[in-house]
Structure formats: C-alpha cells, structure tokens
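# Chains, contacts and geometry: an overview
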Amino acid sequence: MAKAIMVQGTMSNVGKSVIAAGLCRIFKQDGYRVAPFKSQNMALNSFITEEGLEMGRAQVMQAEAAGVAPSVLMNPILLKPTNDVGSQVIVNGEVLGTMSARDYFKMKKTLIPEVMKAYSRLDEEYDIIVIEGAGSPAEINLKQEDIVNMGMAKAAHAPVVLVGDIDRGGVFAQLYGTVALLEEDEKAMIKGLIINKFRGDKTILEPGVAQLEQITGLPVIGVTPYLHVSLEDEDSLSERLDNEQKVGLIDIAVIRLPRISNFTDYNVFERFEGVSVRYVSAAHQLGTPDLIVIPGTKNTMRDLLWMRQNGLEASVLKAHRAGCTVFGVCGGYQMLGNTIKDPDGVEEGGQIRGMGLLDTETVFEPQKERTRVEGMFLSPEGILEGLGGTPIAGYEIHMGRTVLHGTDRPLTKIRDTITGECKTEGACGDNVYGSYVHGIFDREEAASGIVRALAKKKGISGEMGLTVDYASFKESQYDLLAEGLRAHLDMDAIYRILQEGIES
C-alpha cells in the first residue's frame, strides 16, 4: 500500500501542479516508485496515452517528473470547457458527454467509484502517491459534493499540505482564511503550510510566518522562491500567454484563442536562440511575424467567429498576402479551410465559412478521433519544402474530419500506433500548412527545419539551433525544480507527514 500526500491550494494557479511535480521528482530521486494523481482536472491541455485514452497534461508533466509512463489512472476525470457554462466530461479517458456545470455538479458524486478504482490501482503499484487538489478546499458552495479536495483527501487517507501564492499578495489572509473556513476534521488533515513564489529578503517575512503559525496552529514547512524553471503549463492562466515576449530575430506569433488548447505544442520553439514565441489576442499585437500559428481550440466555430469579429482574421489574411507563413494545428487547421460544417450540433450547429487559406472542408462528427501517431512530412510546397522526410510523432485529438480539394496536397504521412492504420494527413499550399497532429514540432528535426526555413527566407545566416535537445531540456528542468524545492522545503517534515499520515 502506498503512502500518500496531498497538495492543496488557497486558489487556482498558486503552484500546486509545480509543487506536486517537484515532490514527484524528489521522491523518484530518493529511490521511490511514485505516481501523481488528480481525481478531477479542468483544463484544455490534454494528452493521449499509449492506449489511446485522454488525460490532462498537468498529470503527464508530473508523471514525467516521476519517471513513469502517463496513465489515465492518474487523472480519471477530465473536464474540457466548451463554453462559459459547460464542459465535455471525460471519464477514464473516454468521453462521457457534454454537460452544463449544474448538471455535472448534480451527478459527479456518482463518479466516485471510478475515481477510487483508479486510485486503488495506483495504490497497489507505487510506493508514494502525490495527490493534487483543484482550486481551493474552502469553496464553501462546492464542499458538500467535493471529490477533488478534502473529499479526496479523506477517501485516500492523505495528509494535506496547503500552498499559498505570495506573488499575488495577501498570502497570510489566503492561508488563514482557507484554514478558518474548513470543518474541524478537515483542519486536522492539514499538516503544513507552504508560502510559494516568494521574491526578496526572507527575514522580512519571518515575523508574519511566526504569527501565521501561532494563529493557525500549523507549521510553515517551506517558503519557496519564484523558481525560474520551464515546465509545461496546465491551462490558459499560464504566464506564457501574456503578450510580453520581446520580438526575436525569428518571430512566431500564436493566436491566443479564447478556448485555446494544447498550447504546449509550441514550447519547443522557446528553446531556440533568437526565436520569440508570442501569444496575441488582438489585431494590433500581431505585428509582422515570420510565422503565424493558429492553435487548437475546444470550440473551433466560436473561436473563428471571435477572430473574425475582433479583426484578427483580417490581420492574418493580410500578413499572409504580404508573405507570412501560416500554420494551423487541429482546430486551427480546420479554420484555415473553406467551410466548417456541424450537422449534428457537436459545437454550434449549422456551418461557417472558413478563412479560405486551404482548399479543404471540415465536417464535425459526434465521435472523437483520439489516437497516437508517428510518421513524417511528405514534400511540402513553399517555404517548408525542405521538411520532406522529416520524422514526426504525436497524437490526434479532435472532433471532425477534413477533406482536401483542388490542388492542395497532404502534409504528412502517418501510422496510427494503436491500430496500425497508415494514412496521409493535413494539407499544404501557398505557404499555408495544417495538421491534426499535436506534438508535430516536438522532435528536434522538425522544429529545427522550420526555424532554418524561416531564417533562410529572412536572409539570416548561421545555425539557430536548439540550446539543448528538448527531451533532455525537460529532464533538466525537473531536476532543477527538485533542487530548488529541496533547498526551501523542510523535506524532513514532508517525509514525517508521509510516514505519520492523518492519524496524528
């Protein structure tokens, strides 16, 4: 039976995912078999496992930190928002349906057996399970039906460490207020407090820490600094999406769609010297990039209308006419075509005119395409013609099928690693490229080929190579995270909390 520890937070984006990932890495380094777990995750960044099942990328990142293969057991419930009041509900990697928040709230307790079945499987296979909560345990309007914070801690008999974010201000109020709103049995489950994202002189903080410990009766087991590590982000609260990136020699502009998904696809380009990756949400921010990327989205039709209404579509079309290369991934690929049809009301129903940059037509279907693939670029025309034969690997996760017409050509040839089926995929024409494959840029050969092609077009000589292989870079960041947490967390207290559990 595994030992468990749960990381909860005073609110969203306080660093729970990162702290959990760091603990996973530390425990792995210390010789334990460790697995992450989050009973319910709400995010648009998702991943397809080797079995063809869908899970949240936060637990994928934590699994990588733990040195284990990602499994849907680590994230049995994934909610992917389709609009402001509803989400696609995914259970054990399969789509259960699309529900309003109210309907899901009414039925979510019926999913507890599935959550505990997944947790029990991990409990049998690992030495330590690092559980992540969601939002705050003090959301008193939701506590009665909780299955992700204290409800999960009780079910797993897991002691809790509570994380607050000092970078946002009011960290003492965050931590004290959260503890104060809990029931007495819930308070007893919290074994330590962590103040996260601290910058400055720690001695100035010490009087407040002492008073916080006195009024809560809980030890502060760490004041962790704002660690400068590069990890994959969970959702659109990511600081990566702030439009503050300085324009580099090669400028890549990613359209920040309202329902942007899997924006981690573009992290690899950040590793190139002289390359900037900017996320833009308004026409005036676009500038004159070398490459415009239209990313995935959970609602292609609505986000295309958003681009049309705020002028970004017109700006992208104007940039393309001026010679800018455009690449669409998944929902962005669908937008680039002539028409998007939704006869079954999968998204908005009806049909919508596309951007007309590719001669394609997309028809949404109720069945989600969900698989892993490997293959290569064919012989793209235009600026990326040198990519022919370059290997790719990734996964497809989308609603709808896209058909090519006219003179546009397929972009890739891929093999479904689950079914063995081979097919051509994507489209290219007139310096416009589209693909359903998430992770299409992750391999060094693909990313380097694109950067070299953009540099050549711009007349930039010399090699703009990766600073380090991307997979190796991610490993180095997990080690850096673990090193930072070891220096600022009381790891003896963490191990004592693990050993003693919630009985003390």
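Below is a summary of the structure that appears in this document. (Residues numbered from 1 in each chain as written. Predicted model: local features only at pLDDT ≥ 70, side-chain atom pairs only at ≥ 80, totals over all residues. Heavy atoms only, no water.)

A separate point is the packing of aromatic side chains. Applying the stated criterion to the full structure yields 11 aromatic pairs. Stacked on the ring of Tyr226, the Lys or Arg Arg199 has its end atom at 3.8 Å from the ring centre. (Phe/Tyr/Trp six-rings, centres within 6.5 Å; stacked < 30°, edge-to-face > 60°. Lys NZ or Arg CZ within 6 Å of the ring centre and 35° of its normal.)

Before going further, it helps to examine the sheet that holds strand 8 (residues 94-100). Spatial ordering of the open sheet is given by 3-6-7-8, a layout of four strands whose pairing is mixed. Of all strands in the sheet, those bounded by a partner on one side alone are strand 3 (40-42) and strand 8. Ignoring which end each strand starts from, the neighbouring axes of this sheet average 25 degrees apart. Alignment of strand 3 against strand 6 (residues 77-81), held across three bridges, turns out to be parallel. Residue pairing across strands places Met42 opposite Leu79, the latter belonging to strand 6. (Pairing = 2+ DSSP bridges. Helix = DSSP H or I, 4+ residues; strand = E, 2+ residues; numbered from the N terminus. Axes fitted to C-alpha atoms, helices over the stretch in contact; angles between N-to-C directions.)

This brings us to helix 4 (residues 112-125). With 14 residues, helix 4 should cover 20 Å at 1.5 Å per step; its first-to-last C-alpha distance of 20 Å lies within 8% of that length. Every buried residue belonging to helix 4 is among Val115, Met116, Ala118, Tyr119, Leu122 and Asp123, and all of these are buried. Each buried residue of helix 4 lies within a common arc of 160 degrees when the element is viewed along its axis, so the set occupies one face. Residues of helix 4 that are exposed and point over 90 degrees away from its buried face: Pro113, Lys117 and Glu124. Looking at the buried positions of helix 4, the neighbouring elements they touch are strand 1 (3-9), strand 2 (34-37), strand 6, strand 9 (128-132) and helix 5 (150-156). (Expected span 1.5 Å × (residues − 1). Buried < 20%, exposed > 50% of the residue type's maximum accessible area, 1.4 Å probe, protein only. Arc of directions from axis to C-beta. Contact = heavy atoms within 4.5 Å.)

Next up on the list: the sheet that holds strand 15 (residues 275-280). Read across the open sheet, the six strands follow the order 15-13-16-18-26-25; overall the sheet is mixed. Edge positions in the sheet fall to strand 15 and strand 25 (427-429), since each has one partner strand and no second. For this sheet, the mean angle separating the axes of adjacent strands, direction not counted, is 15 degrees. In terms of strand pairing, strand 13 (residues 250-255) meets strand 15 through six bridges, oriented parallel. Each bridged residue has a counterpart across the sheet, and for Ile252 the counterpart in strand 15 is Val277.

Close contact between helix 1 (residues 16-29) and helix 13 (residues 470-488) brings their axes to 8 Å; oriented N to C, the two are set at 95 degrees. For the element pair helix 1 / helix 13, the angle class is roughly perpendicular. In contact with Val18, Ile19, Ala21, Gly22, Leu23, Arg25, Ile26 and Gln29 of helix 1, helix 13 contributes Glu475, Tyr478, Asp479, Leu481, Ala482, Leu485 and Arg486. Residues of the contact of helix 1 with helix 13, tallied by class, amount to nine nonpolar, two polar and four charged. (Parallel < 35°, antiparallel > 145°, perpendicular 65-115°, else oblique. Nonpolar A, V, L, I, M, F, W, Y, C, P; charged D, E, K, R; others polar.)

Note on placement: Arg25 falls in helix 1. A polar side-chain atom of Arg25 sits 2.6 Å from a polar atom in the side chain of Glu475. In contact with Arg25, other than residues within four places in its own chain, are Glu64, Ala65, Glu475, Tyr478, Asp479 and Ala482. (Polar contact = N/O pair within 3.5 Å; in protein donor to acceptor, adjacent residues only side chain to side chain.)

Here the focus is the nonpolar core. Among soluble globular proteins, nonpolar side chains are generally buried collectively. With 89 residues, the main nonpolar core has Phe27, Val130 and Ile131 as its most contacted residues. Residues Phe269, Leu357, Phe377 and Leu384 belong to the second largest nonpolar core, which totals 68 residues. (Core = buried A, V, L, I, M, F, W, Y, C linked by side-chain atoms within 4.5 Å.)

Our next topic: the pairing of strand 6. Counting buried residues along strand 6, four of its five residues qualify, which places the element largely inside the surrounding structure. As defined by bridge partners, strand 6 adjoins strand 7 (residues 86-91) across five bridges and the pair is classed as antiparallel. Of the residues in strand 7, the one forming a bridge with Lys80 is Gln88.

This part takes up the state of the cysteines. One pass over the structure, following the stated rule, counts zero disulfides. Sulfur of Cys330: no disulfide; nearest cysteine sulfur belongs to Cys428 and is 18 Å away. With no disulfide of its own, Cys428 has Cys324 as its nearest cysteine by sulfur position, at a separation of 17 Å. With relative accessibility at 0%, the residue Cys428 sits in the buried group. (Disulfide = S-S within 2.5 Å.)

Quick look at unusual backbone geometry now. In this structure, Asn13 is a non-glycine residue whose phi angle is positive, near 65 degrees. Within the element layout of this structure, Asn13 appears in the loop between strand 1 and helix 1. One non-glycine residue, Asn431, lies in the positive phi region at around 60 degrees. Tracing the backbone shows Asn431 in the loop between strand 25 and strand 26 (432-435).

Looking now at helix 14 (residues 491-500). Inspection of helix 14 places Met491, Ala493, Ile494, Ile497 and Leu498 among the buried residues, and these make up the whole buried set. All buried residues of helix 14 fall inside an arc of 160 degrees around its axis, so they share one side. Among the exposed residues of helix 14, those oriented more than 90 degrees off its buried face are Asp492 and Gln499. You can read the cap of helix 14 off the contacts: a side-chain oxygen lies 3.2 Å from the backbone nitrogen of Asp492, and it is on Asp490. Note on helix 14: the residue one or two positions beyond its end, Gly501, has a positive phi of about 65 degrees.

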